[in-house]
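The residues making up each chain are set out below.
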Amino acid sequence: MNSSIVISQLPGGQRYFHVSGKVEHRPSLRYALQRMLGHISALVHKDPRSVLIVDSVPALLHGSFTRYPEIIKIVICEMEKLVPPAATRYFGAENYEVMNDPRTEVHYDDARHFVLTTPQKFDVSLPIPFIHG
């Protein structure tokens, strides 16, 4: 609605996720960093049941939470409706198909507005823009 999405791939197979001309994701140690952030968050909380994640490019962090059966709800707050389908189509294997997991809900909203207006409470919440590209 507000952004253009481009997925580019180099001859070596590395895929890049661009949103409105900006590289939001590139292959690197950030794959490991995003996954580690998800695993650490799930392991440190003594009984994580619900997760809120702001942003979904390309959902590698989000997929980490699918590995924990005790987590019953994974909520993603994303402003751009084009991003989750692109994350699923081009990074589904890397993000454990989190967008197709029945525990996942996607809310298309500004994160600040969503947090201030939702009655839901979350055990773990992660804004992730600081670890992009």
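Definitions and cut-offs
Residues numbered from 1 in each chain as written. Predicted model: local features only at pLDDT ≥ 70, side-chain atom pairs only at ≥ 80, totals over all residues. Heavy atoms only, no water. Helix = DSSP H or I, 4+ residues; strand = E, 2+ residues; numbered from the N terminus. Buried < 20%, exposed > 50% of the residue type's maximum accessible area, 1.4 Å probe, protein only. Contact = heavy atoms within 4.5 Å. Areas by Shrake-Rupley, 256 points an atom, 1.4 Å probe, with all protein chains shown as cover. 1 Å grid on protein atoms, 1.4 Å probe; cavity = no way out; pocket = protein on both sides within 12 Å on 5 of 7 lines; lining within 4 Å. Points joined across faces, edges and corners; volume = space filled by probe spheres on them. Nonpolar A, V, L, I, M, F, W, Y, C, P; charged D, E, K, R; others polar. Pairing = 2+ DSSP bridges. Core = buried A, V, L, I, M, F, W, Y, C linked by side-chain atoms within 4.5 Å. Salt bridge = Lys/Arg side-chain N within 4 Å of Asp/Glu carboxyl O. Polar contact = N/O pair within 3.5 Å; in protein donor to acceptor, adjacent residues only side chain to side chain. Right-handed = clockwise from strand over helix to strand, strands pointing away.

**Q** Would you mind going over the overall build of the chain with me for this structure?
**A** For the chain, the helix and strand inventory stands at four helices and seven strands. Tracing the chain from N to C terminus, the helices and strands come up as β-β-β-α-β-α-β-α-β-α-β. A total of 133 residues make up the chain; the buried ones form 44% of that total. A fraction of 65% describes how many contacts in the chain between residues 6 or more apart in sequence connect residues 24 or more apart. Here the chain displays about 7100 Å² of accessible surface, and carbon together with sulfur accounts for 58% of that area.

**Q** What is the right way to read the layout of surface pockets from this model?
**A** It is a probe the size of a water molecule, rolled over the atoms, that shows where empty space is left. Of the volumes computed, that of the largest pocket is approximately 290 Å³. If you go around the largest pocket, you meet 16 residues; those closest to its centre are Val 19, Asp 55, Glu 78, Met 79 and Glu 80. A breakdown of the residues in the lining of the largest pocket according to their chemical character gives eight nonpolar, two polar and six charged.

**Q** Sorry, what's going on with the pairing of strand S1 (residues 5-9) here?
**A** Regular strands place their side chains on alternate faces of the sheet. Alignment of S1 against strand S2 (residues 15-19), held across five bridges, turns out to be antiparallel. Among the inter-strand pairings, Val 6 is bridged to a residue of S2, identified as His 18. What sits between the antiparallel neighbours S1 and S2 is a turn of five residues, in which Gly 13 has the positive phi angle 100°.

**Q** Would you explain the nonpolar core in this entry?
**A** Phe 17, Val 51, Ile 53, Phe 65, Ile 71 and Ile 74 are the most contacted members of the largest nonpolar core, which totals 21 residues. For this core, the element with the most residues is helix H3 (residues 83-91), which contributes four residues. Counting residues in each nonpolar core, the second largest holds six residues, with Leu 52, Val 75, Cys 77 and Phe 114 among its members.

**Q** Mind showing me how you'd approach the pattern of salt bridges here?
**A** For side chains of opposite charge, pairing can occur when their charged atoms come near one another. Counted by the stated rule, this structure contains three salt bridges. Ionic pairing is found between Arg 15 and Glu 94, a salt bridge with its closest N-O pair at 2.5 Å. In this pair, Arg 15 sits in strand S2 while Glu 94 sits in the loop between H3 and strand S6 (104-108), placing the two residues 79 residues apart along the sequence. We classify Arg 15 as buried; its relative accessible area is 17%. For Arg 103, the salt bridge goes to Asp 101, with nearest N and O atoms at 2.9 Å. For the pair Arg 103 and Asp 101, one class covers both residues: buried.

**Q** So what exactly am I meant to see when it comes to the side chain of Thr 104 here?
**A** One can find Thr 104 in strand S6. A distance of 2.7 Å separates a polar atom in the side chain of Thr 104 from the backbone oxygen of Val 98. Apart from the residues within four sequence positions on either side, Thr 104 is in contact with Ile 74, Ile 76, Val 98 and Met 99.

**Q** Just checking my understanding: could you explain the pairing of strand S5 (residues 73-78) for this structure?
**A** For S5, the buried fraction is high: five of the six residues fall into the buried class. Of the strand pairs in this sheet, strand S4 (residues 50-54) and S5 are connected by five bridges, and their pairing is parallel. When the bridges of S5 are listed, Val 51 appears paired with Ile 74. Judged from the five bridges that link them, S5 and S6 form a sheet pairing that is parallel. Paired with Cys 77 across the strands is His 107, a residue of S6. Considered for its hand, the β-α-β crossover made up of S5, H3 and S6 is right-handed.

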